[in-house]
Structure formats: structure tokens, C-alpha cells
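# Analysis of the macromolecular model
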Amino acid sequence: MINTSFGLILLLLVFSFKFSFAQLTTFTENALERPFEYPNNTILINSPNSSADFIITIDTNNIFNQILPSHFGLNFPHFIGDNVMEEENFLTHTSNLSSMYYRIPGGSGSDRYFWDGNIPSNIRDDAQISVNDLLDGTDYRIGPEEYMNIIEDLNSNAIVVVNAGYARYGIEENNVQVAAGYAADFVRHLNITLGKNIKYWEVGNELYGPWEAGHEVDGNVITGAEYGDIFNIFVDSMKAVDPSIKIGAVCYPIDESYNFWTRGVLQKVENTADFLVIHDYFKRKPNPNNVTYNEMLNAVIEVQQDISNVQEMVLNYTSKDENHFPIAMTEFNSKTGEREIAMANALFITNVLAEQIKYGIQMSLLWNLENGLGQDGGDHGILARNSPEVEEHTPRPTYYAYYLMQKYFGDKMIFCYSPDTTVISYSTMFANDGLGFMLINTSGESKIVELSSNYYKSDYYWHELYADNETDKKVYMNGQTSDNSEGGPLNYLDIASYHRPYENDSKFELKPYSITFIANIENNSATNT
């Protein structure tokens, strides 16, 4: 018989073993209920007369993952300038996106950004930049106070990237400690002086890449292990100011890439990182316009591959379980040239974001709120910037997809299966006892589908976002658009929802190249028009 002391020790060891494999609650501790908000106006639309082409199956008992506030976010770059804070169109369209997470002050600019304007007069020999390339957060760029004011006005939250490039190109002998102290001062300024309680922080941007300030300094290329050491010093300094903050480490989702970058990082940060950061720009080619529509759609599989690769590296190179670290994809978009501002990107990005939720990524931040038209005709911004075709801040097709996705996604993703590979389906549960659906018809043909669920409510409400072709830059919402040659309706807040009672009929017509957002919920006396 096992004596009592030995049994207690064994029990404690088992508990410790299990506890050590629990996933960090970095993002899930902020989970919120997401009720469906009934539309103010509706239009009665009858069910399709034709029989269904196929049945989409939903199972409310098979819950995949929580849908978190951190799943809806955007990068908010410094370079669009503080003048946007006074531009009505910008404020209108950002305000119409409900509570978001905004990543500031940018991507690669973060490793050159000096938040208080205290720019060094000299730096080491950096292969990418000179001292003249350092960025002053107090000039025309968006600065800390301006960021905090507008993000608060938008009822949103920030995630801040601190300048880790400075730990490499700073001229002091103890340059890592100096840079870490500067990052800690940023935490102090935002969370203590301004009282903003910013929870999420990243140490640097893509330091593994030769495009990044701090990547190669004095002929020395940073390794993952060296970044891991820098990360740990930053964590010590930043959490000494505010122990409640959560800090993410920069990884790359392919083991052998960039001299086995992530392997080196993980071996250093396994006990200090609160989450792991990855980026993905899907399906790259030298000429982005050479990426075909099918190649673009098929690239969605990279979401699963990224997650699987990171989890395998965690298992192989740390003492943690593969699911220990939450993963944040703090930059993503397609890399497809002109399709980036077409309906194709709305179809693609909603698919990618839903896949991230389905497979367990816990923070998803699209690049970018505004970016600017590139030489290839593409633009990663969901609002237009420097376009010869439309006014500044005009919504792009992807904007409308994000706007509607926020309205029609609940707080739990559940099983949803479409037997037709050209129709991608997702279903969620609302906190106020209803279901949401997002049906993406990637084909050029209309489809009649029937929703088969173990759970029906009295009424359907829905919006359709669609275009005549996947390459079209002009889109429609419930039959309405604008006079612009690109974008969609500017009166989107006032567009009535389609509506009909359930009445044992769950058929819907999916237009070609469309996303149909549906809620099945009890009637709340919405007004038919």
C-alpha cells in the first residue's frame, strides 16, 4: 500500500505536470459575449422557389473555438499622418467598425519609431538604415497621445510594438539595456502617466528579415537566439513598470527559415513569452498580379500549416505542450496586386480570418487600415489612400466584409460543412440564443443552399456582399452600391437587412462571387419596409 506522504507527492507531481501544459490565458481571459444586434429596418424577401443544389450541415453541439475581441483587428500605421484625425470620412468609417484591436505604431516602422521624439544623433552601421531614417513620433506622424485619443474615441484597444531594432543599432555599450529602458518608458508613459492600461505588447517587428532595421548591424546578422536574449531583457524592464501587461515574441512559421530563427527564439523565451507572433502574406510571386484567383483561394491552407508548424516547434524546442502559447497573427493579407482591392480579397480575407478562429489563432490583425496604392495596382488598406479613382478613405471591398462579419459573428464557432468546395461555410452561436452563418460563394455561378441544423429559431436576417466578377473593384450590398468606380455603398449603415420567417424553410440563394451573412434568431419586432 502506498503511504500517505508518497501518495500526496505523486498527486502534486501529476497536478504540476498537467498544470504546466495548460494554455496561457493571454487572450481568452478577455472573452466577451457577442449578441446579435437586431437591424432597425428590414425588407421581406421570399425563399427561393428552386430546390436546393446541396445541404449545408450545422451541429451546435460541436464547438470549435471561442470568438474573441482580439480576432477583429487592424494595423494602424503611423505614416498615414496625424491629419487624418480631423478628416470626416476617415473618422466616419473607422467609427462604423465596432470595437477593434489596433496595432500601433506600424510594422517595420516600429523598429525605427521613437515615440517621444528623442532620436539618437548617431547609430551603428545598419545595413538597412541610416540615422536619417529614424522616425519621430512627435512630428506629422501619429504620436502616442494621438493614438490613445482616437482609439479611445473608437471604443477600441491597442497593441503596441516597441522598438527592438534600437537594441541593435544603438551606440551605447549597454545598448540592449538602454533600448529596453526606452521601451519600459513607453509602457510607463501609456499605462502609468496616461492611465491607458494597454495590455498587449510586441518586442520588435520582423527582425529575422534583411528589410528590418536592426537585422544586420556592424556586419552581424541577428539570430533567433540573440533576439530571444533581447526579448528577455525587454520583458524584465517592461514588466517592472507594469506587471499586468502581456508581451509577444516574434517568430516565423517555418522552422528552417532565416537560419532556424524560431528554434533559437523558443529556446530562450519559453518561460517569458505570453504569446507568439507570426505574419503571413499569402501566395507571393515576383509579380503579385501573376497570382491566379485559384492560387489565391488555395493559399488559405497556409493558416493550418502556420499553426501546425509553430506548435510542432514549441513541442520540439521547449518543455511546453504544443498548445501552451497562444498564437497571434499580427499581420496578414493577400499579396495579389490588383485583386487586393477587388471582391476577390473580400472573399479571401473573410475565409482566412474564419480559418484562424477555427484552428485556434487568438489574435488576428489585418494589414492594414490604410496603406496606399502600390506600383502593382494593389493596396492592403481597407480604406483608400492616394488613389486616383476614389476619394481618400473610401471603403474597399474588404472593409464591407469586416463590417458585416462583426455584425453576424457570434462568440463561439461551431461545426459547419458544405459538400461543395466552391462554397465555404462557417457557423457561430450568438450569446442571445441564435446562430450566425457566413457563406462564401467563390464561384461564378449562383447556388441554392439549404441550412440543416439541430437548432432553428423563428426568423432569418441577412446581408449579401457581392460583385459581378471576382476582379471587380466595385461591390454591392443588398443590391445597393455608389456612383464610384471602386468600392461600395457609402450609405451602408442605412441599408435594410433582408428578412423572412423561418417557417420550416432554410433555403438561400448565394449570388456568384458573394458572401452571405445570415442570422437565425427569434423575432424582435424589426420593422419591415
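An account of the accompanying structure is given in this report. (Residues numbered from 1 in each chain as written. Predicted model: local features only at pLDDT ≥ 70, side-chain atom pairs only at ≥ 80, totals over all residues. Heavy atoms only, no water.)

## Let's talk about the overall build of the chain
Check the secondary structure of the chain and you find eleven helices and 24 strands. Rg of the C-alpha trace for the chain: 24 Å, near the compact-globule value of 24 Å for 529 residues, within the 12% margin. Taking the principal axes of its C-alpha atoms as reference, the chain extends roughly 80 × 75 × 45 Å. Here the chain holds 529 residues, and the buried ones make up 58% of them. (Helix = DSSP H or I, 4+ residues; strand = E, 2+ residues; numbered from the N terminus. Rg over C-alpha atoms; globule rule 2.2 N^0.38 Å. Buried < 20%, exposed > 50% of the residue type's maximum accessible area, 1.4 Å probe, protein only.)

## Comments concerning the pairing of strand β21 (residues 497–501)
Burial analysis of β21 places four of its five residues in the buried class, the great majority of the element. Summarising the sheet, strand β1 (residues 41–44) and β21 pair through three bridges and their orientation is parallel. Bridge pairing in β21 places Leu44 opposite His499. One ladder, built from four bridges, connects strand β19 (residues 459–466) with β21; its direction is antiparallel. Across the sheet, Asp459 pairs through a bridge with Pro501, a residue of β21. (Pairing = 2+ DSSP bridges.)

## Remarks on the packing of helix α5 (residues 175–193) against helix α6 (residues 224–241)
At a minimum axis distance of 8 Å, the contact between α5 and α6 shows a crossing angle of 35 degrees. Between α5 and α6 the crossing geometry is right-handed. Listed contacts from α6 to Val176, Gln177, Ala179, Ala180, Gly181, Ala183, Ala184, Val187, Arg188 and Ile192 of α5 are Ile230, Ile233, Phe234, Ser237, Met238 and Val241. (Axes fitted to C-alpha atoms, helices over the stretch in contact; angles between N-to-C directions. Left-handed = near helix turned anticlockwise from the far one by under 90°. Contact = heavy atoms within 4.5 Å.)

## Observations regarding the environment of Leu510
With respect to the helices and strands, Leu510 occurs in strand β22 (residues 507–510). C-alpha separation for the pair Leu510 and Ile159, spaced 351 residues apart in sequence, amounts to 37 Å.

## A look at unusual backbone geometry
The peptide bond linking Ile104 to Pro105 adopts the cis configuration, its omega dihedral lying at -5 degrees. Mapped onto the elements, Pro105 comes out in the loop between β4 (101–104) and β5 (113–114). Positive phi is not limited to glycine here, since Tyr258 has a value of about 50 degrees. Note on placement: Tyr258 falls in helix α7 (residues 257–269). At Glu503, a residue that is not glycine, the phi angle is positive and equals roughly 45 degrees. Structurally, Glu503 can be placed in the loop between β21 and β22. Accessibility expressed as a relative area gives 64% for Glu503, which makes it exposed.

## Section: the nonpolar core
Residues Phe76, Trp201, Tyr227, Phe234, Met238, Phe409 and Ile515 are the most contacted members of the largest nonpolar core, which totals 128 residues. Per element, the largest residue contribution to this core is ten residues, and it comes from helix α10 (residues 343–359). Of all hydrophobic cores here, the second largest spans 19 residues; its members include Cys416, Val423, Leu439 and Ile518. (Core = buried A, V, L, I, M, F, W, Y, C linked by side-chain atoms within 4.5 Å.)

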